Every structure is written in structure tokens, then in C-alpha cells.
Amino acid sequence: MSEKLYFMDIRSTDPTYNLALEEYLLLNHTQGEILLLWQNANTIVIGRNQNTEEEINRPFVEEHGITVVRRTTGGGAVYHDMGNLNYSFIQDVGDPETMSIAALAVPVVKALATMGVTAEVSGRNDILVDGKKISGVAQRMAKNRILHHGTLLYASDPDMVAGALKVRQDKFVSKSAKSVRARIGNIRDYVTDPTMTVEVFRERLIQALTESRDVETIVLTPEEEAEIIRLRDEKYRNWDWTYGKSPAYAFKNAARFPGGRLEVEADVEQGIIRDIRFTGDFLALLEVSGAQNALKGVRFDREAVRSALAPLPIREIFGSIGPDEILQLLFDL
């Protein structure tokens, strides 16, 4: 009998809970190999070292109610929906060569082959089919354990993927890790049976990954569940983790409104506006420095900026350009 495989088929679709559960198991279940399968509903997951605002299409995210959360592994931003399935392997750190992304992705590639899909590991962290990316993977180590996880695009909405992650790069200047946009594909287009639902695909994947293994289902105790909820609330639902952990960056944008042209440049560090400058040909009665000073130290966040602007005589500072247009310049254009 082969070494025991601890398995959990997670049915939560809340990304903040799922990432907390994954991290808890990595740090606290310190023996044996663990396999997790999970899905997130309408979510952008940001890499550990990325600038969140630089990776997302803010207006699209807000319009479609997309959750944004940061993970603990590196790599680029990815969009998850219910047509996507995520997997996680957690195991002891062994020979560095056997811990490579390519080596740890092999079981998934073999599992896909059982469904007629010819996949290959390519580049730093992609699994490709017919030259199209169907999986992005990432890793981290902790306490002599390694977490290897990845997406499996089975039947994701390509318009949502493109819309959620599309952003004007000329608005940001930073040293953060940038996502490399690749041509993506859906596994459903390559399986032997194209009528296979994502749920059947999930079951087939479980069968392929657990075959010939001594499988034990992970059952959480009430105490463990409470710790996961605490981690979810204190970390993954915390603005400071998802936005405040972003590397320092400079933001710039400009637009012409009926009241004139308005330009903005801002220096943002840990999600906080450290300096901001407004210029333009708008007609003003008061110095713009009042608005600039009011925004220093404020989160680079729509509601935080709205609250900071609320007490100011905006019309006297920016002429006929109003607070909604300022917010539009910062967050929507």
C-alpha cells in the first residue's frame, strides 16, 4: 500500500475561507501528503508580491461584484469562476529537483491524459494544451513543507477573465511583479467527451489523482474550524492584506471633463496615499493644496477618498469638477 493521501473536497466557494483553510493545513497538518480540490465564485486572486490596483480592472470588478484577495504564493493574478477548479498539494520538502513546479504538476498532467487531454508544463508556471494556458501554478515553503497549487480552467468565461484583469498599465509605475497575460483555453474543448460538466470533471480528476492511494478524508474539528474562520477574518478579509501589502507605486491619470482637464499623480505605499498632486486647466478659487493635504495618509480606496473629500469646498478648489469626477479619475478611467 502506498503512503497515505489526506484528501479534502472543499465545497465552500468563498475565496477568503478557502485560502485560509489551505494556509491552516499547510502550517498545522505537518505530516503526510495532502490533496485539496476547491472552487471560488467570481474572484481575482493576486500574487503575493503584486500591486493589487495595477492588476485589476477596478470598474469591471465593482460592476460585477468580483471578490479580490491576495494569496501567499508568488506568480501573477488569476480570475476564478465556477468554471474553474483549483487543486492544492501539500507535502514534505524533499529533493529540490522533485519539488520543482514541473515535477509537482506531473500528477495533474497525467490525470488530464486519462480524459483525452494532452497537456504539458511550459515556462515558469503554466500548463498548456495546444499552446493555450489551461493552468497557472505557484508554490511556497513553510515549516519544511511545500504548498503547490494551481488553477484548472475547465469552462471559464473568457470575457470575464479578460475583463477582470484588463487594466491600463500606463497608469502605474512600480517594481511589483507584473502578470504576463497568456492566451488561455478551456479544458472542456479538449476532453474526449465535450458534454462533460465541471462537476463530472471534478469527480474524474479526484479518481485519477487518488487511484491506487490509501486515502483518508480530512475532517476538521470545531477548534480547527474556529481557527480557520479567525484567519479568514483577520487576514484574508482584511483590506491591509489584499491592498496594503502592495509594493510602493506611482499612479498617474488625466481626463477632460466639462469643467476642464484634471491630471493626478500619486505616490502610494502599503495602500496609503503618501503624496498626491492635482494639476489642470480647471477654474478654481482656492489652492488645490487643501485637497492634496486632505488625501495624504488616506487609503487608496474609493470610499476612503470620498470620505476625505466630503468636508472640503470642492467647487471652490476644482471649479465645476465635482467629487464624483475626481473619484472617476482615480478609480474608473
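To be clear, the structure that these remarks concern was listed above.
All of these numbers come straight from a predicted model, not from anything done at the bench. Along each chain, numbering runs from 1 in the same order as the chain's sequence is written. Where local features are concerned, this predicted model is filtered to residues with pLDDT of at least 70; where side-chain atom pairs are given and counted, the filter is 80 or more; whole-chain, interface and lining totals use all residues. To get the side-chain values, all heavy atoms of the structure are used, and hydrogens and water are removed first.

(A) Spotlight on the overall build of the chain. Looking only at helices and strands, the chain has 12 helices and 15 strands in total. Reported as C-alpha extents along the three principal axes, the dimensions of the chain are approximately 80 × 45 × 35 Å. Classification of residues uses two cut-offs on accessible area relative to the type maximum, computed with a 1.4 Å probe and protein chains only: under 20% is buried, over 50% is exposed, and between them is partly exposed. Per-residue burial over the chain gives 52% buried out of 333 residues. Across the chain, every contact between residues at least 6 apart in sequence was considered, and the portion connecting residues at least 24 apart equals 73%. In summary, the charge assignment counts Lys and Arg as positive and Asp and Glu as negative, without counting His or the chain termini. Lys charges are placed at NZ, Arg charges at CZ, Asp charges at CG and Glu charges at CD. Side chains of the chain give 39 positive and 48 negative charges; the mean places of these two sets differ by 4 Å. Only DSSP runs of H or I covering at least 4 residues are called helices, and only runs of E covering at least 2 are called strands; the numbering of each starts at the N terminus. Contact between two residues is taken to exist if any of their heavy atoms lie within 4.5 Å; hydrogens are not considered.

(B) Here's a closer look at the sheet that holds strand 12 (residues 214-217). If you walk across this open sheet you meet the eight strands as 7-8-9-10-6-2-1-12, and the pairing is mixed. For this open sheet the edge positions go to strand 7 (120-122) and strand 12, each flanked by a neighbour on one side alone. The mean angle between the axes of side-by-side strands here comes to 25°, regardless of whether they run parallel or antiparallel. Two strands are counted as paired when DSSP detects at least two bridges linking them. Taken together, the five bridges between strand 1 (residues 4-9) and strand 2 (residues 33-38) define a ladder with parallel strand orientation. Bridge pairing in strand 2 links L5 to E33. Against the sheet, helix 4 (residues 101-113) contacts strand 6 (84-92), strand 7, strand 8 (126-129), strand 9 (132-142) and strand 10 (145-153), and its axis sits at roughly 40° relative to strand 10. All axes are obtained by fitting lines to C-alpha atoms, using only the stretch in contact for helices, and the reported angles, taken between N-to-C directions, cover 0 to 180 degrees.

(C) Just the packing of aromatic side chains, in detail. Geometry of aromatic contacts follows a simple scheme: Phe, Tyr and Trp rings, the Trp one being its six-membered ring, pair when their centres are within 6.5 Å, and the pair is stacked under 30 degrees between planes, edge-to-face over 60, tilted otherwise. The full count for this structure, using the stated rule, is nine aromatic pairs. Aromatic side chains Y236 and W241 sit 6.0 Å apart centroid to centroid with 80° between the ring planes, which places their arrangement in the edge-to-face category. Plain terms: the ring middles of F251 and F300 are 5.2 Å apart, the flat faces sit at 55° to each other, and that makes the pair tilted. One end of the pair, F251, is in strand 13 (residues 249-257); the other, F300, is in the loop between helix 9 (289-295) and helix 10 (302-309), with 49 residues separating them in the sequence. Taking the relative accessible area as the measure of exposure, F251 reaches 1% and is therefore buried.

(D) Structural view of the side chain of S135. By secondary structure assignment, the location of S135 is in strand 9. Pairs of N or O atoms are called polar contacts if they sit within 3.5 Å, as long as, within protein, a hydrogen donor faces a hydrogen acceptor (for residues adjacent in sequence, only side-chain-to-side-chain pairs). A distance of 2.5 Å separates the side chain of S135 from the backbone oxygen of T151, its partner in a polar contact. If sequence neighbours within four positions are ignored, S135 has contacts with Y87, N125, D126, I127, T151 and L152.

(E) Structural view of the pairing of strand 8. Residues D126 and L128 of strand 8 are buried on one face, and the alternating residues I127 and V129, pointing to the opposite face, are buried as well. Turn length for the strand 8-strand 9 hairpin, with the two strands adjacent in sequence and antiparallel, is two residues, and the turn residue D130 shows positive phi of about 55°.

(F) View of the sheet that holds strand 4 (residues 67-70). Pairing is mixed in the open sheet, where three strands are placed in the order 4-3-5. Among the strands making up the open sheet, the edge pair consists of strand 4 and strand 5 (78-80). Ignoring which end each strand starts from, the neighbouring axes of this sheet average 25° apart. Pairing between strand 3 (residues 43-46) and strand 4: four bridges, direction parallel. Bridge pairing in strand 4 links I46 to R70. Most of the contacts of helix 5 (residues 158-165) go to strand 5, to which it runs at about 135°, and overall it touches strand 3 and strand 5.

(G) Inspection of the environment of L327 at higher detail. Among the structural elements, L327 can be located in helix 12 (residues 323-331). Residue L327 is classed as buried on the basis of its relative accessible area, which comes to 2%. For the pair formed by L327 and A208, sequence separation is 119 residues and the distance between their alpha carbons is 50 Å. If we skip the residues at most four places from it in the chain, L327 touches R302, V305, R306 and D332.

(H) Focus on the packing of helix 1 (residues 15-28) against helix 7 (residues 222-236). Put simply, helix 1 and helix 7 touch, their axes get as near as 8 Å, and they point 120° apart. Between helix 1 and helix 7, the interaxial angle falls into the category oblique. Handedness of the crossing formed by helix 1 with helix 7: right-handed. Facing T16, Y17, L19, A20, L21, E23 and Y24 of helix 1, the residues of helix 7 in contact are E224, E225, E227, I228, I229, L231, R232, K235 and Y236. Split into classes, the residues belonging to the contact of helix 1 with helix 7 amount to nine nonpolar, one polar and six charged. Just so you know how the angles are binned, under 35 degrees is roughly parallel, over 145 roughly antiparallel, 65 to 115 roughly perpendicular, and the rest oblique. If you view the pair so one helix is near and one far, a crossing is left-handed when the near helix is turned anticlockwise from the far one by less than a right angle, and right-handed when it is turned clockwise. Here the nonpolar group is Ala, Val, Leu, Ile, Met, Phe, Trp, Tyr, Cys and Pro; Asp, Glu, Lys and Arg are the charged ones; every other residue, Gly included, is treated as polar.

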